[in-house]
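A structural walkthrough
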Amino acid sequence: MISATRLTVRHRRTTAVDSLDLDLGNGVHALLGPNGAGKSSLLRVLATAAPAVEGELRLLGRDPRRPAERLEIRRRLGYLPQTFGMFRGFTVRECVSYAAWLKDMPNRGAVHAVERAVDRVGLTSRTDAKYRTLSGGMRRRVGIAQALVNDPRLLLLDEPTTGLDPAERDRLHALLRQLGATTTVVLATHLMEDVHACCDSAIILCASRKVFLGSPQALREAGGYAGIVEGDAQAGNPSR
Ligand SMILES: Nc1ncnc2c1ncn2[C@@H]1O[C@H](COP(=O)(O)OP(=O)(O)OP(=O)(O)O)[C@@H](O)[C@H]1O
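Just so it is clear, the structure is predicted and the values come from calculations on it, not from any experiment.

**Details of the sheet that holds strand E4 (residues 54-59)**
- Taken in spatial order, the three strands of this open sheet run E2-E1-E4, and their pairing is antiparallel. One side of each edge strand has no neighbouring strand; the edge strands of this open sheet are strand E2 (14-24) and E4. If you compare each strand with its neighbour and ignore which way they point, the axes differ by 25° on average.
- Alignment of strand E1 (residues 2-11) against E4, held across five bridges, turns out to be antiparallel.

Structure representation (structure tokens):
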């Protein structure tokens, strides 16, 4: 569902993702790495929100450089960016309906899909509340509902559990485990709790390069996250 070959992402002179090879199918895949390692930059490219400067990328079997195929990818894509803005006077329902409209969903199906997405993030009792009256964690859950509303085949979540209370984190983990059966989910996170609760595999980026890809168990056996990141720094690749 994601196939990248020598994918390179740059911001002016900074290389954020360096010659990445990646093949991911259905399942929940954690994207880990120190601050500045390139996680958000990679997710933006996978979300077709920014182009790669080099390399090949196929998303859901399609080439995001071709406008018609990019449109098809976007219809099947859910993306929660690390920070996102929303019209503060919109209700929860309006925020999620707006996302459905942006994703070109037919009006009739969208009404039910919006209710379902709001329910999946536990905000049904706040459907008519204005976005500006919500807590930080609830706002993040609105963002997750926006990402889910079109039942995406490719779901990209940038630190979705930040600010969620423990019960909501558990609820999201359960939802992601369920979605992973039919969806390719990439979850950028700093929390090993997320990895152990719902992920089938973990990818570690350090200083823009992939330094590990394997199951949570393989990660433990390889010395754990800290061991791998410290080992990479000692090998002369200090993270920015
Ligand atoms: N818009 C930008 N312009 C210039 N440089 C950028 C931009 N966005 C990111 N960078 C740089 O690209 C590199 C990767 O940043 P990125 O935000 O992708 O890392 P990250 O792994 O998501 O970090 P964090 O864990 O802090 O969210 C960093 O060196 C960062 O300073």
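There is more to say, and it comes next.
**Overview of the UniProt feature "domain: ABC transporter" (unreviewed entry) in the protein**
- On the UniProt side, "domain: ABC transporter" (unreviewed entry) is annotated at positions that read residues 2-232 here.
- Secondary structure content for residues 2-232 is 39% helix and 26% strand, and the end C-alpha separation is 25 Å.

**Digging into the site of the ligand**
- Of all residues adjacent to the ligand, which total 16 residues, the nearest are Asn35, Gly36, Lys39, Ser40 and Ser41.
- The backbone of Gly38 places a nitrogen or oxygen atom 3.0 Å from an oxygen atom of the ligand.
- Between an oxygen atom of the ligand and a side-chain N or O atom of Lys39, the distance comes to 2.8 Å.
- Taking 640 Å² as the accessible area of the ligand by itself, protein coverage stands at 65%.
- For the shell around the ligand, the secondary structure elements donating two or more residues are E2 and helix H1 (39-46).
- It is H1 that contributes the most residues to the shell around the ligand, four residues altogether.
- Taken together, the residues of the shell around the ligand sort by class into three nonpolar, nine polar and four charged.

**Focus on the layout of surface pockets**
- Approximately 520 Å³ is the volume attributed to the largest pocket.
- In this structure, the largest pocket is lined by 22 residues; those nearest its centre are Tyr79, Ala99, Leu102, Lys103 and Gln146.
- Elements supplying a minimum of two residues to the lining of the largest pocket: helix H2 (67-75), strand E5 (77-80), helix H3 (92-102) and helix H5 (136-148).
- For the lining of the largest pocket, the element with the highest residue contribution is E5, accounting for four residues.
- Of the residues contributing to the lining of the largest pocket, the split by class is 13 nonpolar, five polar and four charged.
- Looking at the lining of the largest pocket, you find at least three residues from each of domain 1 (1-76 + 154-240) and domain 2 (84-151).

Rules of the game
- Residues numbered from 1 in each chain as written.
- Predicted model: local features only at pLDDT ≥ 70, side-chain atom pairs only at ≥ 80, totals over all residues.
- Heavy atoms only, no water.
- Pairing = 2+ DSSP bridges.
- Helix = DSSP H or I, 4+ residues; strand = E, 2+ residues; numbered from the N terminus.
- Axes fitted to C-alpha atoms, helices over the stretch in contact; angles between N-to-C directions.
- UniProt positions renumbered as here; feature names shortened; annotations may be inferred.
- Near = heavy atom within 4 Å.
- Polar contact = N/O pair within 3.5 Å; in protein donor to acceptor, adjacent residues only side chain to side chain.
- Areas by Shrake-Rupley, 256 points an atom, 1.4 Å probe, with all protein chains shown as cover.
- Nonpolar A, V, L, I, M, F, W, Y, C, P; charged D, E, K, R; others polar.
- 1 Å grid on protein atoms, 1.4 Å probe; cavity = no way out; pocket = protein on both sides within 12 Å on 5 of 7 lines; lining within 4 Å.
- Points joined across faces, edges and corners; volume = space filled by probe spheres on them.
- Domains from an automatic or database assignment.

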